[in-house]
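Fold and geometry: a report
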Amino acid sequence: MSTQSAIPYPFPWTPVMEVPEALQGLRENALVEVRLPSGDTALLVTRYADVRSLFADDRLSKNIARPDVARITKDNDLFVDPKIDGDPPHHTRMRGLVTKAFTARRIELLRPYAQQVTDELLDAMATAEKPVELNEALAFPLPILVICKLLGIPPEDRTKFRRLVDGFLSVSKLPPAEVEECRTGLWDYLVELIDYKRANPGEDDLITSLIKVRDEDDNRLSEYELHHWTRSLLIAGYVTTASQIGTATAVLLHRQDLKKQIQQDWTLVPSAVEEMLRTQIMGSSIGTLRIALEDIPLADGTILPKGASVLLSEESANMDEEIFKDPFTLDIQRAENHHMTFGAGIHYCVGAALARMELQVATESLLRRFPDIRLAVPAGSLPRALGGFMEGFSAVPVTW
Ligand code: HEM
């Protein structure tokens, strides 16, 4: 399906420090046709109630490695993989093997480690020459070190895998040959890593426990699935959170009134983190592409047609006036903030509790340690990481 009227997607990041203007009024129609970077079109579901119910609807499939489904980009397959079945029951079995490591209780046990890492990073920041670039000083190293600990990956590998992951996630940033080089390089790295972990099992890490399941050889986990999920957890485990820490902090430093509200009442940290997640100005919904297996009527009777490529728009749902009062206002005291930033249903983000914990630790520690911290450049000049899967700020220079 392709028509002239399709709106280019992801939406442009204007104004710089707020949610895209294109989200204003978008929910007048339950479905909006958008044009992806590949040139293909997809239907964007705009309203909260529809997005929430479709996340839990098995008439939408995540098996999108088919010629009739839109591609996000022609240059990169991203997460599209014909060898992985993204629907129940296969997905349910696989997901069950990893979710135990991500329960709220287990994540709370990681909080002291996240705090220790953050304190060390902030110590280093305090003695560095100003301005300091926040992505490299805090936003990336924190989630990377935490996911390395959880998965049991040697932290010294991070320089190697970061370059490969960055290329793997290119939408239009890199030419196809370089994307391919990174995809292959990342897979080779994982093969090496899993061989290493087989020979040197950790005491309590997720890759070691997945290898044990695999080696029991009772068909619960194939070798390919082991590699695939290790890759997904590594990538999802830091790229999104790092991008959110960087952009959310930039917004808070731009809005010094909000920063001061938090500094006067530290109990606001969790609700501030949720509000920054709701207004998620670090990325779009391109990761949530699905195909409709049947005609599906939406709440207002509009039909989502069988065969359509579908994007469940968390960012539009989060701006739904029916659900959120003054949705375009950043209100860090907002109660009942049931945003859709982590999705919902059977694919609900495995790492939501982990991301929340890291965001809380990073936000509070930074604002306590550097009470006068501010952006070192005008907010409007912060560059976006365009052409990647996450379009957060590519650099956030700060001073104090
Ligand atoms: C701010 C940070 C994060 C955001 C905004 C985010 C967002 C999302 C969203 C929207 C989905 C659902 C996609 C869909 O239904 O199509 C998802 C799934 C997922 N997320 Fe996250 N995520 C974040 C952090 C993390 C972390 C820290 C991990 C940890 C490893 C993680 C692991 C996953 C995995 C494995 C899935 C796939 C779940 C499934 O298919 O069952 N995410 N995430």
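Provided above is the structure to which this section pertains.
Described in the following lines is the structure provided in the data block.

With respect to the element layout, Pro112 can be found in helix α3 (residues 104-127). Sequence spacing of Pro112 and Val361 is 249 residues, and the spatial spacing of their C-alpha atoms is 9.5 Å.

One finds Ala42, Leu138, Leu142, Leu151 and Val310 to be the most contacted residues of the largest nonpolar core, which totals 106 residues. The greatest single-element share of this core, amounting to 13 residues, is contributed by helix α9 (residues 223-254). Setting aside anything within four residues of it in sequence, one finds Leu142 in contact with Ala114, Val117, Thr118, Leu121, Ile245, Glu358 and Ala362.

Relative to the 34 Å expected for 24 residues at 1.5 Å per residue, helix α7 (residues 176-199) spans 35 Å between its end C-alpha atoms, a close match to the ideal helical length. Taken as a whole, α7 has its buried residues at Val179, Leu186, Leu190, Leu193 and Lys197. Buried residues along α7 sit in contact with α6 (158-168), α8 (206-216) and α9.

Before going further, it helps to spend a moment on the pairing of strand β9 (residues 309-312). Along β9, one buried face is formed by Ser309 and Leu311 and the opposite face, lined by Val310 and Leu312, is buried too. Summarising the sheet, strand β3 (residues 41-45) and β9 pair through 3 bridges and their orientation is parallel. Each residue of the ladder has a partner; that of Val45, found in β9, is Leu312. Sheet topology note: the strand β6 (residues 289-292)/β9 ladder contains 3 bridges and is antiparallel. Its bridge partner lying in β9, Ile291 is registered against Ser309.

Now for unusual backbone geometry. Each neighbour pair has its own omega, and for Pro88 with Pro89 the value is 0°, a cis peptide bond. As for its position among the elements, Pro89 is in the loop between β4 (60-61) and α2 (90-99). Following Lys130, the chain continues to Pro131 via a peptide bond in cis, the omega torsion being -5°. Its identity is not glycine, yet Asp326 carries a phi of approximately 40°, on the positive side. Of note, Asp326 is situated in the loop between α12 (314-317) and α13 (352-369). The phi dihedral of Glu336 falls on the positive side, at around 50°, and the residue is not glycine. Assignment of secondary structure puts Glu336 in the loop between α12 and α13. The exposure class assigned to Glu336 is exposed, which follows from the 8 C-beta atoms found within 10 Å.

Looking now at the sheet that holds β9. With respect to topology, 6 strands assemble into an open sheet ordered β1-β2-β3-β9-β6-β4, the strand pairing being mixed. The open sheet has two edge strands, β1 (7-8) and β4, and neither has a second partner. Strand direction decides the pairing type here: β1 and strand β2 (residues 31-35), joined by 2 bridges, are parallel. Within β2, the residue paired with Ile7 across the bridge is Val34.

The next thing to look at is the packing of α7 against α8. Packing of α7 against α8 leaves a shortest axis separation of 10 Å and a crossing angle of 80°. Overall, the two elements α7 and α8 adopt an arrangement that is roughly perpendicular. Across from Ile194, Lys197 and Arg198 in α7, the residues of α8 making contact are Ile207, Thr208 and Ile211.

Moving on, we get to the packing of helix α11 (residues 269-278) against α13. Where α11 meets α13, the axes come as close as 9 Å, and the angle between the chain directions of the two elements is 115°. Every pair of crossing elements has a handedness; the one defined by α11 and α13 is right-handed. Where α11 approaches α13, its residues Val269, Pro270, Ala272 and Val273 are matched on the opposing element by Arg356, Leu359, Gln360, Thr363 and Glu364. Counted by class, the contact of α11 with α13 contains 5 nonpolar, 2 polar and 2 charged residues.

This paragraph deals with α9. The end-to-end C-alpha distance of α9 is 47 Å, a good match for the 46 Å that 32 residues give at a rise of 1.5 Å each. Taking burial as the measure, the 32 residues of α9 include 24 buried ones, the bulk of the element.

With that settled, the discussion passes to the sheet that holds strand β10 (residues 374-375). Spatial ordering of the open sheet is given by β5-β11-β10, a layout of 3 strands whose pairing is antiparallel. Among the strands making up the open sheet, the edge pair consists of β5 (132-133) and β10. Pairing analysis gives 2 bridges linking β10 to strand β11 (residues 397-399), with the strands arranged antiparallel. Bridge pairing links Leu375 to Val398 in β11.

Reading the values: rules and limits
- Residues numbered from 1 in each chain as written.
- Predicted model: local features only at pLDDT ≥ 70, side-chain atom pairs only at ≥ 80, totals over all residues.
- Helix = DSSP H or I, 4+ residues; strand = E, 2+ residues; numbered from the N terminus.
- Core = buried A, V, L, I, M, F, W, Y, C linked by C-beta atoms within 7 Å.
- Buried ≥ 20, exposed ≤ 12 C-beta atoms within 10 Å, placed from the backbone.
- Contact = placed C-beta atoms within 7 Å.
- Expected span 1.5 Å × (residues − 1).
- Pairing = 2+ DSSP bridges.
- Axes fitted to C-alpha atoms, helices over the stretch in contact; angles between N-to-C directions.
- Parallel < 35°, antiparallel > 145°, perpendicular 65-115°, else oblique.
- Left-handed = near helix turned anticlockwise from the far one by under 90°.
- Nonpolar A, V, L, I, M, F, W, Y, C, P; charged D, E, K, R; others polar.

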